Amino acid sequence: MSKSAVRSLKAVCGALIAAGALLRFVDLPRKVFWIDESTTVERVAGVPDAEILSAFKSRAGVPPSFFAPYRSPNGAWIDTVRRGIAEDPRMPPLYFLALRAWMSALGSSILAARSFSAVLGALAILAMFRFAALLFPGMLAPWLAAALLAASPFHLRFAQEARPYALWTLLLLLLFERFLALMKEPTAKNRFLYILAAAMCAYTHPMTAAAAAAQLGSAVLGKGVEPGARRSVILCAAALLVLCAPWIAVNLTHRGAAYTWYALGTNPLSFIMSLWCVNIGRLFLEFPPERAVSSLTIVLSTLPFLILIAASFDGLLRRGSPVAIRFLAATVVLTFAAVAAPDLLLGGQRSTISRFLMPMHLAIEAAVAYYLSELVSGRGTRRLAGLLCAGLVLAAGGWSSWRYVGSDFVWGQGSTAPRAIASAVNASAKPLLFVDLKENSTADLVTLSYYLADHVMIKPLAPGESRIAAAGRAPVYFYVKTGSLARRLAARGVRLDFVPVKIEGPPDAALYRVAVGRKSPQLR
């Protein structure tokens, strides 16, 4: 490939990298703050759920501003750690402490909560470039790898939400880079930097263990590895285990508090395998969750990317360096096995949650970048095929990312229900909104509080309450997440009217209003 053609391709990739980095900051407050993000800001605030509920239930009614302290870093730093230990020890504290510092400086708005991830997501693009440059020196692969990550709708999503995955992505790439540097030069400095990166990564997400195990395995079992490098990796693994011992102990002693819904239930193997394929394809192409898009369309659209990934690893095994082969293959296999094996042996759906497989996704993108780099560096038909393939992959990612930025909700995880329902309630002069605490968590209340106007009164629906005390307010609304509440109220003589509200995404909540003419309906 001529030097001018190389420069042109680098310029295109550079433009995509810049556009992808900027796209992470576009319309950050636009999407409805979904429940996991509300859980994040609650943990940053450090107030236990029980305390929030107790304060809420002790009042005759509260305005939305009542919940403002529970989405702001007002308490002590140790409270952020304590809440995590008590209510979700599965997720380590580093991200939440870092976000606390960020929000302490920038405020408690949705923009402040999400902008931290946007900055991390932009830095991750540069980290991918540095990692690929070490893994594939002297090739176009670093430019293509960074462009693939910049255009990926999968990575864009986590760069625009208040969750730990943008930080984890950045730290994983730094860990990958430090591992390669340690294998090349096993000095004391590189050992220290590797341990530091690994510890930060581990205190961000527990699946770091799979990535670290892959690195240990590729160093210990790989042929041709220098003895000094092998010893260094073993020593670093031992040091990492010691550093992570406190949080391992926390998980062992508080394992009953961890959220384990994703480990429960059984699904047909064919269903699980189809989700595996679709989730991998989402690295490069994501459809808006519209009813017009059929499952068959999504599966068929995924196939070309699965073929590209298979070809990439075939090319890597044939012509790649031993270090790249061992590292990328071990990362893919061990990361996937860490969640797929328990599903296949014990049942569950861990392996269908794509964000748990972040180390594998990054390794796949690096392999694809290597393969495309090889193709475009060839001649004739091979080069043309490489340029066409790279263009289509980057265009698919760019189209998906642009559609995602313009969406009003997090695809596959939320809907516009909280904001749409809040808008309908806000339109009334003196509304009272009942919330059933059997159906709604504190995170649901925090989410609603972002969108409800302060003239709205929110009140918990107590199970033993004999009357709906409207306190001179009208109309009286009910925020309903399942049909059971509406049926229970109807069975007790409460006449409700359904309030039609336009909701994008899954209709995971609904709004009902007490029928006109019943001033204080009985709850029998």
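The preceding data block contains the structure.
All figures in this text were calculated on a predicted structure; none of them were measured in a lab.

## Thoughts on the packing of helix 2 (residues 35-45) against helix 5 (residues 94-106)
Then, in step 1: Running from amino to carboxyl end, helix 2 crosses helix 5 at an angle of 80°, the nearest separation of the two axes being 9 Å. When the interaxial angle is binned, helix 2 and helix 5 end up roughly perpendicular. Judged by residue contacts, Thr40, Val41, Arg43, Val44 and Ala45 of helix 2 engage Tyr95, Phe96, Leu99, Arg100 and Met103 from helix 5.
Then, in step 2: Partitioned by chemical class, the residues of the contact of helix 2 with helix 5 number 7 nonpolar, 1 polar and 2 charged.

## So, the environment of Ile309
Then, in step 1: By secondary structure assignment, the location of Ile309 is in helix 14 (residues 295-319).
Then, in step 2: Ile309 sits in the buried class, given a relative accessible area of 9%.
Then, in step 3: For the pair Ile309 and Tyr371, spaced 62 residues apart in sequence, the C-alpha to C-alpha distance is 9.0 Å.
Then, in step 4: Not counting chain neighbours up to four residues away, the residues in contact with Ile309 comprise Ile280, Phe284, Ile364 and Val368.

## Regarding a nonpolar patch on the surface
Then, in step 1: The grouping of Leu269, Met273, Leu344, Leu345 and Leu346 at the surface amounts to a nonpolar patch, some 560 Å² of accessible area in total.
Then, in step 2: Among the secondary structure elements, those contributing two or more residues to the nonpolar patch are helix 13 (269-281) and helix 15 (322-346).
Then, in step 3: Looking at which element gives the most residues to the nonpolar patch, the answer is helix 15, with 3 residues.
Then, in step 4: Under the relative-accessibility criterion, Leu345 is labelled exposed at 72%.

## Side note on the environment of Val225
Then, in step 1: Looking at where Val225 falls in the secondary structure, it is placed in the loop between helix 11 (208-221) and helix 12 (227-253).
Then, in step 2: C-alpha separation for the pair Val225 and Arg473, spaced 248 residues apart in sequence, amounts to 75 Å.
Then, in step 3: Filtering out sequence-adjacent residues up to four positions away, Val225 remains in contact with Met183, Ser218, Ala219, Arg230 and Arg326.

The rules behind each value
Residues numbered from 1 in each chain as written. Predicted model: local features only at pLDDT ≥ 70, side-chain atom pairs only at ≥ 80, totals over all residues. Heavy atoms only, no water. Axes fitted to C-alpha atoms, helices over the stretch in contact; angles between N-to-C directions. Helix = DSSP H or I, 4+ residues; strand = E, 2+ residues; numbered from the N terminus. Parallel < 35°, antiparallel > 145°, perpendicular 65-115°, else oblique. Contact = heavy atoms within 4.5 Å. Nonpolar A, V, L, I, M, F, W, Y, C, P; charged D, E, K, R; others polar. Buried < 20%, exposed > 50% of the residue type's maximum accessible area, 1.4 Å probe, protein only. Patch = residues over 30% accessible without salt bridge, like charges linked within 9 Å, V, L, I, M, F, W, Y side chains within 5 Å. Areas by Shrake-Rupley, 256 points an atom, 1.4 Å probe, with all protein chains shown as cover. Salt bridge = Lys/Arg side-chain N within 4 Å of Asp/Glu carboxyl O.

Any link to function would need more than the numbers given here.
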